[in-house]
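# Chains, contacts and geometry: an overview
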Amino acid sequence: MEPNWLEPLISFEHSLFASMFIYPTKSAGILEDLKSFYHQLIEEGMSQKEFYGIIQQVELDENVSFERIVKEEIDIGNIKGTIFKIGQGHRNGIVLTHGISASRYNLLNLADVLSRLGYLVLAIDMPKHNVNQGMDLTLGNIAELIRDSVIYLRKARGLKNVAIIGHSLGSVGTLLSS
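Residues numbered from 1 in each chain as written. Predicted model: local features only at pLDDT ≥ 70, side-chain atom pairs only at ≥ 80, totals over all residues. Heavy atoms only, no water.

We now examine the environment of Val 150. One can find Val 150 in helix α5 (residues 139–155). The class of Val 150 is buried, set by a relative accessible area of 10%. Along the backbone, Val 150 and Ile 94 are 56 residues apart, and their C-alpha atoms lie at a distance of 8.3 Å. Excluding residues that lie within four positions of it along the chain, Val 150 makes contacts with Val 95, Val 162 and Ile 164. (Helix = DSSP H or I, 4+ residues; strand = E, 2+ residues; numbered from the N terminus. Buried < 20%, exposed > 50% of the residue type's maximum accessible area, 1.4 Å probe, protein only. Contact = heavy atoms within 4.5 Å.)

Let us now look at helix α4 (residues 108–116). If you check which residues of α4 are buried, you get Ala 111, Leu 114, Ser 115 and Arg 116. Tucked inside the fold, the buried residues of α4 contact β2 (79–85), β3 (92–97), β4 (120–124) and β5 (161–166). After α4 finishes, the residue Gly 118 shows a positive phi value of roughly 105°.

Among the surface-exposed residues, Val 113, Leu 117 and Tyr 119 lie close enough to one another that they form a single nonpolar patch of about 240 Å² accessible area. Looking at the secondary structure, you find Tyr 119 in the loop between α4 and β4. Of the residues examined, Tyr 119 reaches a relative accessible area of 31% and is grouped as partly exposed. (Patch = residues over 30% accessible without salt bridge, like charges linked within 9 Å, V, L, I, M, F, W, Y side chains within 5 Å. Areas by Shrake-Rupley, 256 points an atom, 1.4 Å probe, with all protein chains shown as cover. Salt bridge = Lys/Arg side-chain N within 4 Å of Asp/Glu carboxyl O.)

Of all six residues in β3, five are buried; the element is thus mostly enclosed. Bridge count for β3 against β5 is six bridges, and the pairing is parallel. Residue pairing for β5: Val 95 is matched across the bridge by Ile 164. Assessed by its sense of winding, the connection that carries the chain from β3 through α4 to β4 is right-handed. (Pairing = 2+ DSSP bridges. Right-handed = clockwise from strand over helix to strand, strands pointing away.)

Before going further, it helps to spend a moment on the sheet that holds β4. Pairing within the open sheet is mixed, and its five strands lie in the order β1-β2-β4-β3-β5. This sheet does not close on itself; its edge strands, each paired only once, are β1 (70–76) and β5. The sheet shows a mean angle of 20° between the axes of neighbouring strands, direction not considered. Lying over the sheet, α5 contacts β1, β2, β3, β4 and β5, oriented at roughly 155° with respect to β4. Across the sheet, helix α6 (residues 169–177) lies against β3 and β5, angled at about 140° from β5, the strand it touches most. (Axes fitted to C-alpha atoms, helices over the stretch in contact; angles between N-to-C directions.)

Printed below as a string of structure tokens:
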């Protein structure tokens, strides 16, 4: 990584509109309730295996699919990633972008949930991360890679709508790719 690699973003001379959704529930309270429930069942003689079996059977939402997710590795031009999908005929897709020193594999849980909700998901490796060693790690290259990924999903996969979810450096690239 070159010195001052964030300088173009810090000195960015345009207004950016970013949004964040904060779910109105305190996750610490939910976690404490779950821990308490878990310990109560274990004390009553339930094994960990039985507990996890129950958790896996809980339906989260009527729109969530429990079919097997198909994972397809892609290596097209500068795009190195994994497609996650259930079934055929998707109209909507999502590109997932990770943060610095991470990889697409850090986003597997999110990709799993999104594909179960009916999206075709493409989790990509950023330049100089994991197997994507062809491009230099610059904000311009990151933005280009994200744009190419959206174009790929629209043209090659025939998707009508494609959203981008970025984490950390991936979100910076997402803003710059638009």
